[in-house]
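Each chain, letter by letter, is given below.
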Amino acid sequence: DSGFDGDVADAQAVTHYVVLDPDNAASIRSSVRRGRHNARGLRDRISTELWESMNSFYLELNARDVRAELARHPYEVYRWVRNQCQLLSGVASETMTRDDGYRFLVLGRWLERAEMTCRLLAVRYKALGGVIDAALKTRVVDLLAANQVKPKAVAIEKGSLLVRLQNADEQI
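Summarised in this report is the structure supplied together with it. (Residues numbered from 1 in each chain as written. Predicted model: local features only at pLDDT ≥ 70, side-chain atom pairs only at ≥ 80, totals over all residues. Heavy atoms only, no water.)

### Overview of helix α1 (residues 11–20)
Applicable threshold: Relative accessibility under 20% of the residue-type maximum defines a buried residue, over 50% an exposed one, and the middle range a partly exposed one, all with a 1.4 Å probe and only protein chains included. Put simply, DSSP marks the helices as runs of H or I at least four residues long and the strands as runs of E at least two long, and each gets a number from the N terminus on. By the convention used here, residues are in contact when the closest approach between their heavy atoms is within 4.5 Å.
Turning to α1, its buried residues are Y17, V19 and L20. The secondary structure elements touched by the buried residues of α1 are α2 (28–41), α4 (66–72) and α5 (74–95).

Written as structure tokens, this is what we have:
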């Protein structure tokens, strides 16, 4: 349920739903709250630095007047959220023990990236009325799905995931 009335939603309603809505489990605020809750339950399995980064993200998000910031400078808010997420990723990568918990985190990231890329392809295809010319289709598939050097391409994520799963017994 999007929480929108009717078929048309204005930019402010969409922004609230995606960023702040506590009833939307996928909103930024809800995701950060859940992430902190989950991290608190795993404090004995994650690094102190990761817990501190997650906790700081949560506390700062809740201390800010995000609604007012979004009205004045939305891209600054999105940039700050992106930077916090990248910080968490880097801290996890650099400080977590390479055990099952870390491998689970990495597998989850790969699955999510592949799923989001496929969703993007489906949305763009639908937005074009389900009809695109062959040249554009080939280019899109190459850039987002088959490209072997683009880090978030489905081919890379699938390959990384398969290698991890095939070697799971050896890594445990």
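Read on, since the account is not over.
### Digging into the packing of aromatic side chains
Short version of the rule: Only centres within 6.5 Å qualify two rings of Phe, Tyr or Trp (six-membered ring in Trp) as a pair; their planes then separate them into stacked at under 30 degrees, edge-to-face at over 60, and tilted for everything else. Two conditions define a charge located above a ring, namely a distance within 6 Å from the ring centre to NZ of Lys or CZ of Arg, and an angle within 35 degrees of the ring normal.
Applying the stated criterion across every chain yields a total of 2 aromatic pairs. The ring of W80 has R64 lying over it, and the distance from NZ or CZ to the ring centre is 4.2 Å. A cation over a ring is seen here: R98 above Y102, with NZ or CZ 4.0 Å from the ring centre.

### What about the pattern of salt bridges?
The cut-off we apply is this: Note on definitions: salt bridges are taken to be side-chain nitrogens of Lys or Arg within 4 Å of carboxyl oxygens of Asp or Glu.
In total, this model carries 4 salt bridges according to the counting rule given. One salt bridge connects R64 with E60, and the closest N-O pair in it is separated by 3.4 Å. Since its relative accessible area comes to 23%, R64 is described here as partly exposed. Under the relative-accessibility criterion, E60 is labelled partly exposed at 37%. A salt bridge links E76 to R79; the nearest nitrogen and oxygen atoms lie 2.5 Å apart. Linking E76 with R79, this pair stays in helix α5, spanning 3 residues, or about one helical turn. Of the residues examined, E76 reaches a relative accessible area of 45% and is grouped as partly exposed. For R79, a relative accessible area of 36% translates into the label partly exposed. One continuous salt-bridge network, built from bridges that share partners, spans E60, R64 and E69.

### Section: the side chain of S30
We count it as follows: Under this definition, polar contacts are N or O atom pairs within 3.5 Å; protein pairs additionally need one hydrogen-donor-capable and one acceptor-capable atom, and for neighbouring residues in sequence, both atoms have to be side-chain atoms.
Its location among the elements puts S30 in helix α2. Judged by relative accessible area, S30 falls into the buried class, the value being 0%. Reaching out from S30, the side chain makes a polar contact with the backbone oxygen of P22 at a distance of 3.4 Å. Of note is the side chain of S30, whose polar atom sits 3.1 Å from the side chain of S27. When sequence neighbours within four positions are dropped, the list of residues in contact with S30 reads D21, P22, N24 and A25.

### Thoughts on the packing of α2 against helix α3 (residues 48–63)
We apply this condition: Between the N-to-C directions of two axes lies an angle of 0 to 180 degrees, each axis being a line fitted to C-alpha atoms and, for a helix, fitted only over the stretch in contact. By convention, the crossing between two helices is left-handed when the near helix turns anticlockwise from the far helix through less than a right angle, and right-handed when the turn is clockwise.
The geometry of α2 relative to α3 is characterised by a closest axis approach of 9 Å and an angle of 145° between their N-to-C directions. Two packed elements cross with a definite hand, and for α2 against α3 that hand is left-handed. Contact residues: I28, R29, V32, R33, G35, R36, A39 and R40 in α2; W51, M54, N55, F57, Y58, L61 and N62 in α3.

### What to know about α3
Stated formally: A helix is expected to span 1.5 Å for every residue after the first.
For α3, built from 16 residues, the straight-helix expectation of 22 Å at 1.5 Å per residue is met to within 8% by its first-to-last C-alpha distance of 22 Å. The inward-facing, buried residues of α3 contact α2, α4 and α5.

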